[in-house]
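Architecture at a glance
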Amino acid sequence: MSQSIQFLQPRAAVLSARDRIVSDLADLLPPDCLVHEPRELMPFETDAFVSYRRMPLAVALPKTTAQVAAVLKYCHRYGVPVVPRGAGTSLSGGAIPQEDAVVIGLSKMSSILELDFFNRTAIVQAGVTNLSISDAAGPQGFFYAPDPSSQLACTIGGNIGMNSGGAHCLKYGVTTNNLLGVKMVLVDGTVLELGGKHLDAAGYDLLGLVCGSEGQLGIVTEATVRLIAKPEGARPVLFGFESSEEAGSCVADIIGSGIIPVAIEFMDKPAIEICEAFAKAGYPLDVGALLIVEVEGSEDEMDAMLADIVAIARKHAVKTVRECQSAMEAAAIWKGRKSAFGATGRIADYICMDGTVPLSQLSYVLKKTSEITDALGLRVANVFHAGDGNMHPLILFNANDPDDAARAEEAGNQILKLCVDAGGCLTGEHGVGIEKRDLMRHQYSDADLAQQMAVRAAFDEGWIMNPSKVFPLEGRD
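Looking up the protein in an unreviewed UniProt entry gives the name FAD-binding protein, with the organism given as Agrobacterium cavarae. Recorded under Cofactor (unreviewed entry), the UniProt text for the protein is reproduced unchanged: "FAD".

Here it is as structure tokens:
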């Protein structure tokens, strides 16, 4: 990938004091909680946005909130940049470090502290994986709703940092809609508790500010999340269409009619072929686009909702309607969708974009996306959360060809600008990170950005928390 995205210059005073910093951190942490040898640091030099990488100064792997606080207090005192890290699944470069930074990874903080089924809440450490909450609550008939495709690996701390979503967030909302409280360590080591099991609190909504702040306001070490009772039943249905435009128009009409399925997922023909070759999910290969629409409730409720959805689909010349007939078939349908990113990685390098658009603009943006990639001589596979307009075009390219990589990056920038110009935004769930940082001026005015940066600076006056991310590098003073 072309190295066109810039990082801040490393702080010379920090680099020159590396040996002292490592020694001091060793006094604050157990031996198994500090990584500083160059070979051992390599796994932390990038995240899932693998086009860019930097070797960190050191990696702290605390086991407790007190240890997180001690490391942050030390780094704050000496002006050492800090990069919080969950599982490293960020697709926007949110956890990529820099040479003068200490990475604080939360992988050792992986305990579920409490399951309270009476109040329908769970208290978990930030290193708990997304899926493990549902696995723990499932035997009692509950689950945790947000379900990113990386839910097997991604952690709650990272989900909070990026306000992650997932296929079933059409009905249940993204992380912020399922987050009730956090324990958070501020840049100077102060431990703050926001929210809790109660539904609301007096004062400013600082919890809403923290969720989606990408590790720039502090480090979340514990979270109180909402548990939801499992529905009586759930049924995914495949709808095949002649074109992406027809599928996009159908989505807009479904939502416009007032029907809210639990999920509406979209795949175009390239994505269908890639996922079917990998998962053998039984996707139709003779269609130009596919919708996975899942409904839930009693059998009568699901039948009635599906009848209305099928009627709408027929107005858009639907070619295929296939209801799953078993739990095994339903699992296969979702395996194909959840495996989309990994399956695509088997055939090509790719960049996964994350723009969100109004549903009325879905067909238009899909058409323009194809035109953008065609003009640059690239291929694109579209697979995304259609119900809330959260697009994930996968731009395929050859990472070993600098020209190809540069064109892929340019295509991504044009697509994100297209989403904003169509009335949408730069990111739905992946965050800004470094990937979209320099596009923030396309969405926000100078006054908008200045106000956001003033809020950020109120938490971290020295800008040491994840410093190269989110906001354009110029204008921070």
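Concerning the overall build of the protein
Of regular secondary structure, the protein possesses 17 helices and 18 strands. Against the globule reference of 23 Å for 477 residues, the protein gives a C-alpha radius of gyration of 22 Å, in line with a compact fold. Counting only C-alpha atoms, the protein reaches 70 × 55 × 45 Å along its principal axes. The long-range share in the protein, meaning contacts at least 24 apart out of those at least 6 apart in sequence, stands at 73%. Total accessible area computed for the protein in this model is approximately 19100 Å², and 52% of it derives from carbon and sulfur atoms. A distance of 3 Å separates the average location of the 39 positive side-chain charges in the protein from that of its 59 negative side-chain charges.

Section: the pattern of salt bridges
Inspection of every chain in the model, using the stated rule, returns 25 salt bridges. The shortest N-O distance in the salt bridge between Asp-147 and Lys-338 comes to 3.3 Å. Of this pair, Asp-147 sits in the loop between strand S7 (142–143) and helix H6 (156–162) while Lys-338 sits in helix H12 (residues 327–338), and the two are 191 residues apart along the sequence. Residue classification places Lys-338 among the partly exposed residues on the basis of a relative accessible area of 23%. Note that Arg-407 and Asp-404 form a salt bridge whose closest N and O atoms lie 2.9 Å from each other.

Observations regarding the sheet that holds strand S12 (residues 234–241)
Spatially, the seven strands line up as an open sheet ordered S15-S12-S14-S13-S17-S18-S16, and their pairing is antiparallel. Of all strands in the sheet, those with a lone pairing partner are strand S15 (320–323) and strand S16 (349–352), marking the two edges. Between one strand and the next, the sheet's axes are offset by a mean angle of 20°, whatever the strand orientation. Bridge count for strand S13 (residues 263–268) against strand S17 (residues 379–385) is three bridges, and the pairing is antiparallel.

Description of a nonpolar patch on the surface
Together, Tyr-204, Leu-206, Leu-209 and Val-455 make up an exposed nonpolar region whose accessible area comes to about 400 Å². Inspection of the secondary structure puts Tyr-204 in the loop between strand S9 (191–195) and helix H8 (206–210). For Tyr-204, a relative accessible area of 79% gives the class exposed.

Re the sheet that holds strand S5 (residues 112–116)
Within the open sheet, the five strands sit side by side as S5-S6-S10-S8-S9. Their pairing is antiparallel. With partners counted over all chains shown, the strands left at the sheet margins are S5 and S9, one partner each. Across the sheet, the mean angle from the axis of one strand to that of its neighbour is 10°, orientation sign disregarded. Where strand S8 (residues 179–185) lies against strand S10 (residues 219–226), six bridges are found, and the strand directions are antiparallel.

A look at the nonpolar core
Phe-239, Phe-241, Ile-264, Phe-266, Leu-291 and Leu-362 are the most contacted members of the largest nonpolar core, which totals 56 residues. Ranked by residue count, the leading element in this core is helix H15 (residues 402–421), at eight residues. The residues contacting Phe-266, other than those within four sequence positions of it, are Ser-244, Ala-247, Gly-248, Ala-289, Leu-290, Leu-291, Leu-366, Asn-382, Val-383, Phe-384 and Ala-386.

Some details on helix H10 (residues 269–279)
Looking at H10, one finds that the buried residues are Ala-271, Ile-272, Ile-274, Cys-275, Glu-276 and Ala-279. Close packing links the buried residues of H10 with S13, strand S14 (289–296), H12, helix H13 (340–345) and S17. Immediately beyond the C-terminal end of H10, within one or two residues, lies Lys-280, with a positive phi of roughly 50°.

With respect to the pairing of S10
Within S10, seven of the eight residues are buried, which leaves it mostly tucked inside the rest of the structure. Both strand S6 (residues 121–125) and S10 contribute to a ladder of five bridges, which runs antiparallel. Each bridged residue has a counterpart across the sheet, and for Gln-125 the counterpart in S10 is Glu-222.

Topic: the side chain of Lys-436
With respect to the helices and strands, Lys-436 occurs in the loop between H15 and helix H16 (440–443). Judged by its relative accessible area of 0%, Lys-436 falls in the buried class. One polar contact links Lys-436 to Glu-435, side chain to side chain, over a distance of 2.7 Å. For Lys-436, the contacting residues outside a window of four places in its chain are Ser-92, Asp-354, Leu-416, Leu-426, Thr-427, His-430 and Gly-431.

Section: the environment of Ala-95
Tracing the backbone shows Ala-95 in the loop between strand S3 (82–85) and strand S4 (102–105). Setting aside residues no more than four positions away along its own chain, Ala-95 makes contact with Asp-47, Val-83, Pro-84, Arg-85, Ser-90 and Lys-469.

Concerning unusual backbone geometry
Here Arg-120, not a glycine, exhibits a phi torsion of approximately 55°, which is positive. Among the secondary structure elements, Arg-120 is positioned in the loop between S5 and S6. The backbone of Val-470 shows a phi angle near 70°, a positive value even though the residue is not glycine. Considering the arrangement of structural elements, one finds Val-470 in the segment after helix H17 (446–459). Looking at Val-470, the relative accessible area reads 9%, which means it is buried.

Some details on the pairing of S6
For S6, the buried fraction is high: five of the five residues fall into the buried class. Bridge analysis of S5 against S6 gives four bridges, and the strand direction is antiparallel. Paired with Ile-112 across the strands is Val-124, a residue of S6. Adjacent in sequence and paired antiparallel, S5 and S6 are bridged by four residues, among which Arg-120 carries a positive phi angle near 55°.

Regarding H17
Side chains three or four residues apart in an α-helix point the same way, a direct result of the helix having 3.6 residues per turn. The end-to-end C-alpha distance of H17 is 20 Å, a good match for the 20 Å that 14 residues give at a rise of 1.5 Å each. For H17, every residue scored as buried is listed here: Leu-449, Met-453 and Arg-456. One side of H17 holds all its buried residues, which, seen down the axis, span an arc of 55°. Every exposed residue of H17 that faces more than 90 degrees away from the buried side is listed here: Ala-447, Gln-451 and Ala-458. On its buried face, H17 sits against H16.

Conventions and cut-offs
Residues numbered from 1 in each chain as written. Predicted model: local features only at pLDDT ≥ 70, side-chain atom pairs only at ≥ 80, totals over all residues. Heavy atoms only, no water. UniProt positions renumbered as here; feature names shortened; annotations may be inferred. Helix = DSSP H or I, 4+ residues; strand = E, 2+ residues; numbered from the N terminus. Rg over C-alpha atoms; globule rule 2.2 N^0.38 Å. Contact = heavy atoms within 4.5 Å. Areas by Shrake-Rupley, 256 points an atom, 1.4 Å probe, with all protein chains shown as cover. Lys, Arg positive; Asp, Glu negative; His and termini not counted. Charge placed at Lys NZ, Arg CZ, Asp CG, Glu CD. Salt bridge = Lys/Arg side-chain N within 4 Å of Asp/Glu carboxyl O. Buried < 20%, exposed > 50% of the residue type's maximum accessible area, 1.4 Å probe, protein only. Pairing = 2+ DSSP bridges. Axes fitted to C-alpha atoms, helices over the stretch in contact; angles between N-to-C directions. Patch = residues over 30% accessible without salt bridge, like charges linked within 9 Å, V, L, I, M, F, W, Y side chains within 5 Å. Core = buried A, V, L, I, M, F, W, Y, C linked by side-chain atoms within 4.5 Å. Polar contact = N/O pair within 3.5 Å; in protein donor to acceptor, adjacent residues only side chain to side chain. Expected span 1.5 Å × (residues − 1). Arc of directions from axis to C-beta.

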